[in-house]
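So the chains spell out like this:
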Amino acid sequence: MKVLWLCNTMLPRIAEALGEKAGNKEGWLTGLSEDVLAHASDNRIKLGVCFPTQINDGSVRGETGGLSYFGFWEDTANPERCEEGLERQLTKILEEFAPDIVHVFGTEYPHTLAMTRCVKDKERLLIGIQGICTLIAEAYMADLPVKVQKRYLLRDFLKRDNIVRQQQKFALRGRHETEALQNAQHITGRTKWDRDFVEKTNSGAAYHHMNETLRPEFYGPSWSVAECERYSIFVSQGNYPIKGLHYLLRAMPDILAAYPAAKVYVAGDVITRYQTLKDKLKIGSYGKYCLDLIKKYNLEEKIIFLGKLNSGEMCRQYLKSHVFLSPHALENSPNSVGEAMLLGMPVVSSDAGGVSSMLTDGKEGLLYPCHDIKRLAGAVCAMFDDEKRAVEYGKRAKERAGITHDPQANYERLLEIYNGMTEDLQA
């Protein structure tokens, strides 16, 4: 069986073969692909991967360790645009590799729509839902003040990319996403939330439940309250409104009133950097809003931006933090929550999107109503208040995540889906 994966990024194995630096995005694909390759003699799968790249204008072809790879050029900086050239490139890849099944991971980029147009037999097409752009667009403003939504700072003006425009781009991506899903006959998801969306979008498609395998660094280590920095809160990213960093900033006065030693560590892009003239020219409206909140509530010594971390650095930051917080305005099943659970951390999350399919409130962690600042602060403080209960939540979270993110079970489920599709094709 020949299976072609369409991924949003280059896998580390391919990056190494090309002498390129491997990215940190979608690390869960690494473990899954390695499992498929390691058992190729048993599963009889010949795996190919195609991905966007700017190397040689996308003209990248090769094989490494039994994995065939194909690059194509795409303007990933403007994912709301679906260019005709994509279909020509993907059609050529399909002709070269001649797959029995095409498995597309994610609906966020135009290459997904292009691929669904290129695959003639839709029964051979499988799309895996990650985020859902249509619903992200609806939730994008995340209770931001209207003046913040609509204003243009210099960076926003030069890039024609203020918050309103960003929302419009997600809405356009959502239209492409809807068409792509309507073109597919097989769709994978992992939460009640995404299943409901699929039912509304394409009720005729077969929905296959499939969990994700997380980055290998998170299997094995265990969080310990004795080894963490007490009253520290870890947030995995906060670079745009939907991630909800501003909710936490607004909740910090209440948290600090109860726990003056509390600190927040934020991984990812430092969107509030405002030291040099260049920083001041580059800051966007959302970053400036977060910076203003930091100044308003005197949080300069309480919010520590860590910058981009690799998977090992991320794992260490989880382990040294007291509570992991996911304050997102909308998510499907955030891998950051899964990683924290897998480590056995106390987890607090907004009850957004599909999170309740991952974690049961009051059993494996605490959920609070999305957008509720008081309840956010209360949930974090509750974890600080009762150490014994927080530890118990973490133990139960680790147990559940060990099942949800079991690499062997997820690999076997993937084969089950592929074999089922193949049998249907042969019937």
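As the structure is a computational prediction, the values presented were derived from the model and not from experiment.

Analysis parameters
Residues numbered from 1 in each chain as written. Predicted model: local features only at pLDDT ≥ 70, side-chain atom pairs only at ≥ 80, totals over all residues. Heavy atoms only, no water. Phe/Tyr/Trp six-rings, centres within 6.5 Å; stacked < 30°, edge-to-face > 60°. Helix = DSSP H or I, 4+ residues; strand = E, 2+ residues; numbered from the N terminus. Buried < 20%, exposed > 50% of the residue type's maximum accessible area, 1.4 Å probe, protein only. Lys NZ or Arg CZ within 6 Å of the ring centre and 35° of its normal. 1 Å grid on protein atoms, 1.4 Å probe; cavity = no way out; pocket = protein on both sides within 12 Å on 5 of 7 lines; lining within 4 Å. Points joined across faces, edges and corners; volume = space filled by probe spheres on them. Nonpolar A, V, L, I, M, F, W, Y, C, P; charged D, E, K, R; others polar. Pairing = 2+ DSSP bridges. Axes fitted to C-alpha atoms, helices over the stretch in contact; angles between N-to-C directions. Core = buried A, V, L, I, M, F, W, Y, C linked by side-chain atoms within 4.5 Å. Contact = heavy atoms within 4.5 Å. Salt bridge = Lys/Arg side-chain N within 4 Å of Asp/Glu carboxyl O. Patch = residues over 30% accessible without salt bridge, like charges linked within 9 Å, V, L, I, M, F, W, Y side chains within 5 Å. Areas by Shrake-Rupley, 256 points an atom, 1.4 Å probe, with all protein chains shown as cover. Lys, Arg positive; Asp, Glu negative; His and termini not counted. Charge placed at Lys NZ, Arg CZ, Asp CG, Glu CD. Polar contact = N/O pair within 3.5 Å; in protein donor to acceptor, adjacent residues only side chain to side chain. Disulfide = S-S within 2.5 Å.

Caption draft 1: Molecular detail of the packing of aromatic side chains. One pass over the structure, following the stated rule, counts 12 aromatic pairs. Here the aromatic rings of W5 and F105 are separated by 4.8 Å at their centres, their planes lie at 65 degrees, and the arrangement is edge-to-face. In this pair, W5 sits in strand β1 (residues 2-6) while F105 sits in strand β5 (residues 101-105), placing the two residues 100 residues apart along the sequence. Of the two residues examined, W5 and F105, each falls in the buried class. Taking the centre distance of 5.4 Å and the plane angle of 90 degrees together, the rings of F218 and Y318 count as edge-to-face. Here F218, found in the loop between β8 (206-209) and β9 (229-235), pairs with Y318, found in helix α14 (residues 311-320); they are 100 residues apart in sequence, far enough to count as distant. Of the two residues, F218 and Y318, both sit in the buried class. Taken together, F218, F234, Y318 and F324 form an aromatic cluster joined through their ring pairs. Over the ring of F97 we find K2, and its NZ or CZ is 4.7 Å from the ring centre. In this structure, R173 is placed above the aromatic ring of F170, and the distance from its NZ or CZ to the ring centre is 4.8 Å.

Caption draft 2: Spatial organisation of the layout of surface pockets. In this model, the second largest pocket occupies a volume close to 230 Å³. Along its surface, the second largest pocket is lined by V270, T272, R273, Y274, Q275, L291, I294, K295, E300, I303 and F305. Secondary structure elements with two or more residues in the lining of the second largest pocket: α13 (285-296) and β11 (303-307). When residues of the lining of the second largest pocket are assigned to their parent elements, the largest contribution, 3 residues, is made by α13. In terms of residue class, the lining of the second largest pocket is built from 6 nonpolar, 2 polar and 3 charged.

Caption draft 3: Spotlight on the sheet that holds strand β3 (residues 61-64). The mixed open sheet is built from 8 strands, whose spatial order is β3-β4-β2-β1-β5-β6-β7-β8. The sheet is open, and its two edges are formed by β3 and β8, each paired on a single side. Between one strand axis and the next, the sheet turns through 25 degrees on average, direction left out of account. With 4 bridges joining them, β1 and β5 adopt parallel strand pairing. For L6, the partnering residue across the bridge sits in β5 and is V104.

Caption draft 4: Helix α15 (residues 335-342), seen in detail. Most of α15 sits out of view: 7 of its 8 residues are buried. Those residues of α15 lying buried are S336, V337, G338, E339, A340, M341 and L342. The first or second residue beyond α15 is G344, which carries a positive phi of 80 degrees.

Caption draft 5: Fine view of the nonpolar core. Counting 83 residues, the largest nonpolar core has M115, M252, I255, I303, L325 and V348 as the members making the most contacts within it. Here this core takes 9 residues from helix α16 (residues 373-385), the largest share from any one element. If near-sequence neighbours (up to four positions away) are discounted, I255 is found in contact with I233, L248, A262, A377, V380, C381 and F384. Counting residues in hydrophobic clusters, the runner-up holds 29 residues, among them A15, V49, F51 and L126.

Caption draft 6: Just the pattern of salt bridges, in detail. In the structure shown here, the tally under the stated rule is 22 salt bridges. In this structure, R81 engages D75 in a salt bridge whose closest nitrogen and oxygen atoms are separated by 3.7 Å. The class for D75 is buried, based on a relative accessible area of 19%. Taken together, the salt bridges that share partners define one network made up of R155, D156, D161 and K169.

Caption draft 7: Representation of a positive patch on the surface. Side chains of K159, R273, K278 and K282 sit close together on the surface and give a patch of like positive charge. Note that R273 resides in the loop between β10 (263-267) and α12 (277-282).

Caption draft 8: Local environment of the side chain of H103. Structurally, the position occupied by H103 is in strand β5. In this structure H103 comes out as buried when scored by relative accessible area, which is 1%. Reaching out from H103, the side chain makes a polar contact with the side chain of Y418 at a distance of 2.7 Å. In this structure, H103 is in contact with L4, W5, L6, L126, G128, L414 and Y418, ignoring residues within four places of it in sequence.

Caption draft 9: Spotlight on the state of the cysteines. According to the stated counting rule, one finds 0 disulfides in the structure shown. In this structure C82 is not part of a disulfide, and its nearest cysteine sulfur, from C118, lies 9.3 Å away.

Caption draft 10: A look at unusual backbone geometry. Even without being glycine, D57 reaches a positive phi, approximately 55 degrees. Here D57 lies in the loop between β2 (46-52) and β3. Overall, D57 belongs to the exposed group, its relative accessible area being 59%. Here the phi dihedral of Y231 falls at roughly 65 degrees; this positive angle occurs in a residue that is not glycine. Relative to the assigned elements, Y231 resides in strand β9.

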